[in-house]
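# Examination of the molecular architecture
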Amino acid sequence: MSEHEPLGPLSPDFLESDFFGYQGMLDDDEIEVVLRTRRFLQDEVAPRANEFWEKAVSPVHLMPQIAELEIAGLGYAFDDRKASRKLLTGWLEMEFARVDPSTGTMFSVHSSLAMSSISILGSDEQRARWLPAMRRMETIGAFGLSEPHGGSDVAGGLETTARLDGDHWILNGSKRWIGNATFADLTIVFAKDEADGEVKGFVVEKEFEGFRADKIEGKYSLRAVENADVHLENCRVPVANKLADANSFADTAKVLRLTRGGVAFQAVGVMMGAYERAVAYAREREQFGAPIASFQLISDLIARMTANITASLGMAIRVAQLQGNGIHHDEHAALAKTFCTTRLREVVGWAREIMGGNGILIENDVIRFFADAEALYSYEGTAQINNLIVGRGVTGFSAFV
Ligand SMILES: Cc1cc2nc3c(=O)[nH]c(=O)nc-3n(C[C@H](O)[C@H](O)[C@H](O)COP(=O)(O)OP(=O)(O)OC[C@H]3O[C@@H](n4cnc5c(N)ncnc54)[C@H](O)[C@@H]3O)c2cc1C
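Notes on the structure follow. (Residues numbered from 1 in each chain as written. Predicted model: local features only at pLDDT ≥ 70, side-chain atom pairs only at ≥ 80, totals over all residues. Heavy atoms only, no water.)

### Some remarks on the overall build of the protein
From N to C terminus, the protein includes twelve helices and nine strands. On C-alpha atoms alone, the protein measures out to a radius of gyration of 21 Å, which is about the 21 Å that the 2.2 N^0.38 rule sets for 401 residues. Along the longest, intermediate and shortest principal axes, the C-alpha atoms of the protein span 80 × 50 × 40 Å. The buried share of the protein, reckoned over its 401 residues, is 55%. Pairs at least 24 residues apart make up 75% of the contacts formed inside the protein by residues separated by at least 6 positions. (Helix = DSSP H or I, 4+ residues; strand = E, 2+ residues; numbered from the N terminus. Rg over C-alpha atoms; globule rule 2.2 N^0.38 Å. Buried < 20%, exposed > 50% of the residue type's maximum accessible area, 1.4 Å probe, protein only. Contact = heavy atoms within 4.5 Å.)

Right under this line is the structure:
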């Protein structure tokens, strides 16, 4: 065994797990946003993340502090924000996930899924009506697409219906897994129009009669995200709440095309969180009279984890750049989402392994990242579904059944 000074981050304010120093690709003002978000996560979220997880309650009380960071809806052009900051948005998703994937998902369901639905599919009037308060996080959003019988095949198998009745739409059906819906002020609900069979989008406000959200209990991944079974029973939605440009599933897919790239960044963040703890542990933990970091087999795992994080972050960044340039296809986000969440499963497993028995104690955090990785792997399109999208794009043959 010989000892060397670790390489460390390329710049003092870079993360140790950012091996290639990708943070240097952000502008100075973006780095400022990143650093203040990182400080908030370190001071306010990290000390309590395990408690949130064990209690399985969303840390809704953090919303006002997150609002002060002025980061909600950054990635979407609306009102005074003409430039969309895709790289910064993704980077922030990574920073949240590195500390607490649950808090990160709670935030991104609002800031990404719900806000982008209105931003992309709403009229100018609808954007002006909801987005400013959502940006200030005074109005919190949820996104209701998945159903009890419609997960992967939600495009064709949507069962929730919408019927136009005078100046209202009548919604009937159930949604499943809807994050934030237990406390959100509004939920974007996708339903099939009985008249033309097309999937349309609606902003359903929590006080609308016929809307109910029941928390799903017994969830052991992203425990501090409240996911709900949403019930719509003759729920009357004013015509003004029908999203103007949400008129087919192809429109819905425009939202997923953007947000799947965000899940790639989340996956990198979870990898970083687990990796940083495993590396610190490997330096400290001694067996056979030496730090376990000095063993070749541990060094091999650490190098592989470093490679997974570095490759995944490069891929996520490129997808963000493509989004920013407006030349971004479903296949790009699908590839990044699946690649990064697959590498994620390897990294959290290896991090857990390096920490031996201590890796399964919640006080060491890694088991929380390990469990949270499973939700990321499945949500916003499973590996199989995203690979089918990529395969179809590469070969021109659809292998969907
Ligand atoms: C924690 C969490 C949070 C979520 N949050 C939200 C939310 O806020 N809003 C929302 O709308 N949804 C949400 N979802 C739902 C999520 O998007 C779905 O779980 C996901 O799309 C998969 O659907 P499913 O769970 O019904 O699995 P299924 O579709 O039943 O799939 C089961 C398995 O079969 C495989 N499979 C299915 N079809 C094929 C095929 N054709 N070929 C090969 N394999 C196939 C899948 O890949 C998977 O492995 C969330 C889910 C989770 C777990």
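Moving on from the coordinates now.
### So, the side chain of Glu-95
Along the chain, the position of Glu-95 falls in helix α4 (residues 86-99). By relative accessible area, which is 1% here, Glu-95 ends up buried.

### Description of helix α11 (residues 366-378)
The end-to-end C-alpha distance of α11, which contains 13 residues, comes to 19 Å, matching closely the 18 Å that a straight helix rising 1.5 Å per residue would cover. Considered for burial, the residues of α11 that qualify are Val-366, Arg-368, Phe-369, Ala-371, Asp-372, Ala-373, Ala-375, Leu-376 and Tyr-377. For α11, the elements touching its buried residues are α2 (49-55), α4, α5 (101-121), α8 (249-284), α10 (330-354) and α12 (383-395). At the exit of α11 stands Glu-380, carrying a positive phi of roughly 55°. (Expected span 1.5 Å × (residues − 1).)

### Topic: the site of the ligand
Taken together, 19 residues lie near the ligand, and Phe-143, Ser-146, Ser-152, Thr-382 and Gln-384 sit nearest. Between Ser-146 and the ligand, the recorded distance is 2.7 Å, taken from a side-chain N or O atom to a nitrogen atom. Compared with its free state, where it exposes 980 Å², the ligand has 66% of that area covered by protein. Looking at the shell around the ligand, the elements with two or more residues in it are β1 (141-144), β3 (168-179), α11 and α12. Within the shell around the ligand, the residues separate by chemical class into nine nonpolar, nine polar and one charged. (Near = heavy atom within 4 Å. Polar contact = N/O pair within 3.5 Å; in protein donor to acceptor, adjacent residues only side chain to side chain. Areas by Shrake-Rupley, 256 points an atom, 1.4 Å probe, with all protein chains shown as cover. Nonpolar A, V, L, I, M, F, W, Y, C, P; charged D, E, K, R; others polar.)

### Regarding the nonpolar core
With 95 residues, the main nonpolar core has Ile-66, Ile-71, Ile-118, Ile-188, Leu-313 and Ile-354 as its most contacted residues. For this core, the leading source of residues is α8, giving 16 residues. Residues contacting Ile-66, with those up to four places away along its chain left out, are Phe-40, Ile-71, Phe-96, Thr-103, Met-106, Phe-107 and Met-137. In this structure, Leu-171, Ile-178, Phe-211 and Val-230 belong to the second largest nonpolar core, which totals 18 residues. (Core = buried A, V, L, I, M, F, W, Y, C linked by side-chain atoms within 4.5 Å.)

### Some thoughts on unusual backbone geometry
Even without being glycine, Ala-56 reaches a positive phi, approximately 55°. Its place among the elements puts Ala-56 in the loop between α2 and α3 (63-68). Using a relative accessible area of 12% as the deciding quantity, one classes Ala-56 as buried. Look at Asp-365: it is not a glycine, yet its phi comes out positive at around 75°. Note that Asp-365 resides in the loop between α10 and α11.

### Re the pattern of salt bridges
Within the structure shown, the criterion is met by 27 salt bridges. Across the pair Lys-55 and Glu-51 runs a salt bridge, and its minimum N-O distance is 3.1 Å. Highlighted residues: Lys-55 and Glu-51, both in helix α2, separated by four residues, approximately one helical turn. A relative accessible area of 30% places Glu-51 in the partly exposed class. As a salt-bridge pair, Glu-276 and Arg-98 come within 2.9 Å of each other at their nearest N and O atoms. Separated by 178 residues along the polypeptide, Glu-276 in helix α8 and Arg-98 in helix α4 bring together distant segments of the chain. Within this structure, Asp-100, Arg-277, Asp-365 and Arg-368 form a network of salt bridges that share partners. (Salt bridge = Lys/Arg side-chain N within 4 Å of Asp/Glu carboxyl O.)

### Observations regarding a nonpolar patch on the surface
A contiguous nonpolar surface patch, about 350 Å² in accessible area, is contributed by Leu-7, Phe-19 and Phe-20. In this fold, Phe-20 is placed in the segment before α1 (28-45). (Patch = residues over 30% accessible without salt bridge, like charges linked within 9 Å, V, L, I, M, F, W, Y side chains within 5 Å.)

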